[in-house]
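Geometric and topological summary
Listed here are the chains, written in short residue letters.
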Amino acid sequence: MIPVLVPPGLQAALDEAWKAAKDVPGFLLESEARFLGMMAACAPREGLIVEIGSFKGKSAVMLGKLAEHYGFGPIVAIDPHNFNNAELAEHRTDPGATSYDEFLKNIEAAGVTPYIEAHRAFSRDVAKSWNRPIRMLWIDGDHSYPGAKADFDGFMPHVVPGGFVALHDALHEFPGPIRVFVEEMLRSDRFGAAGFVNSIAWSQFRPEDSFSFRHLHRALDEVASMLLPFVASDQPLSGIRKMQFKLARSRVPRDLPSIKDWTKSLNP
Ligand SMILES: C[S@@+](CC[C@H](N)C(=O)[O-])C[C@H]1O[C@@H](n2cnc3c(N)ncnc32)[C@H](O)[C@@H]1O
């Protein structure tokens, strides 16, 4: 049993944080941002929050606001900010700019610069010399399978018991996040409560007492692993395959739980 402390005023703190994050350009839905905030606020106090993939700072602002409110931090935000993929390049606002300029501007405007330790680097390079404990690992960088697996392998050894691991875009057409979640987390005996909130796949690291979560993992594995064949080739889906993917995805439970229900599910 790992006690989970819900800090006072969490709902209001999430509202405040979302108010600051909602207009920052990015890909995070409101339910996902709120859930990130819940994990950040309820994770064990020991260790840092590590974010891989910051883009223009939407999730960093959300997390930074909670760090400001509750006095934890810093949020380690890792991103080379080099627009290395076509989808992100579409978000370039002027030809010379990178997401770094806007990231700095957005965290400053939200007043969270003091709570963010930014690394303009690839995650694999930061992982090489990483030696600090992690209370929450938020993986939203390279969504290829080798990329997501390297992020998991590089930082997971530093996650403290009771800490949270979450991957974004696990229910979108990317091969990495969903496969890492199914193979490394649901099929491992080191994780506890787990689930999806929209496209975030998450679990709590419970190396000592994961036993009572096995039935939950099996049930999630059954629906989540149906998605793996669709995303394995890393090619965009179309026509009937896309419809089949969406049908398979509709079987995955992914609503945002209330704070009360969620914290109860961590220690059933
Ligand atoms: C989907 S965006 C992140 C969105 C962000 N979390 C938000 O809330 O808006 C993905 C980001 O990951 C970064 N990225 C890609 N590969 C990376 C890697 N190997 N290490 C760190 N960041 C990476 C990209 O530069 C991009 O800014």
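Residues numbered from 1 in each chain as written. Predicted model: local features only at pLDDT ≥ 70, side-chain atom pairs only at ≥ 80, totals over all residues.

1. Notes on the site of the ligand
Close contacts around the ligand come from 23 residues, with Gly 26, Gly 53, Lys 58, Ser 59 and Gly 141 the closest. Residues that form the shell around the ligand fall into these classes: eight nonpolar, ten polar and five charged. (Near = placed C-beta within 6 Å. Nonpolar A, V, L, I, M, F, W, Y, C, P; charged D, E, K, R; others polar.)

2. Re the packing of helix 2 (residues 30-42) against helix 3 (residues 58-70)
Across the interface, helix 2 lies against helix 3 with an axial gap of 9 Å and an inter-helix angle of 40°. The interaxial crossing formed by helix 2 with helix 3 has right-handed handedness. Where helix 2 abuts helix 3, its residues Ala 33, Leu 36, Gly 37, Ala 40 and Ala 41 lie against Ser 59, Met 62, Leu 63, Leu 66 and Tyr 70. Its residues placed into classes, the contact of helix 2 with helix 3 shows eight nonpolar, two polar and no charged. (Axes fitted to C-alpha atoms, helices over the stretch in contact; angles between N-to-C directions. Helix = DSSP H or I, 4+ residues; strand = E, 2+ residues; numbered from the N terminus. Left-handed = near helix turned anticlockwise from the far one by under 90°. Contact = placed C-beta atoms within 7 Å.)

3. Considerations on the sheet that holds strand 2 (residues 75-78)
By definition, the strands of a sheet pair up through backbone hydrogen bonds, in either a parallel or an antiparallel sense. In space, the seven strands of this open sheet follow the order 3-2-1-4-5-7-6, with mixed pairing throughout. On the outer flanks of this sheet lie strand 3 (116-119) and strand 6 (191-197), each paired with one strand and no other. Sheet twist, expressed as the mean angle between neighbouring strand axes with direction ignored, is 15°. Where helix 3 meets the sheet, its contacts fall on strand 1 (48-52), strand 2, strand 3 and strand 4 (134-139), and the angle it forms with strand 2 comes to roughly 170°. (Pairing = 2+ DSSP bridges.)

4. Examining the packing of helix 1 (residues 10-21) against helix 2
Close contact between helix 1 and helix 2 brings their axes to 10 Å; oriented N to C, the two are set at 130°. Comparing their axes, helix 2 and helix 1 come out oblique. Seen along the crossing, helix 1 lies across helix 2 with a hand that is right-handed. Side by side, helix 1 and helix 2 meet where Leu 10, Ala 13, Leu 14, Ala 17, Trp 18 and Ala 21 of the first sit next to Glu 30, Ala 33, Arg 34, Gly 37 and Ala 41 of the second. When grouped by side-chain class, the residues that make up the contact of helix 1 with helix 2 number eight nonpolar, one polar and two charged. (Parallel < 35°, antiparallel > 145°, perpendicular 65-115°, else oblique.)

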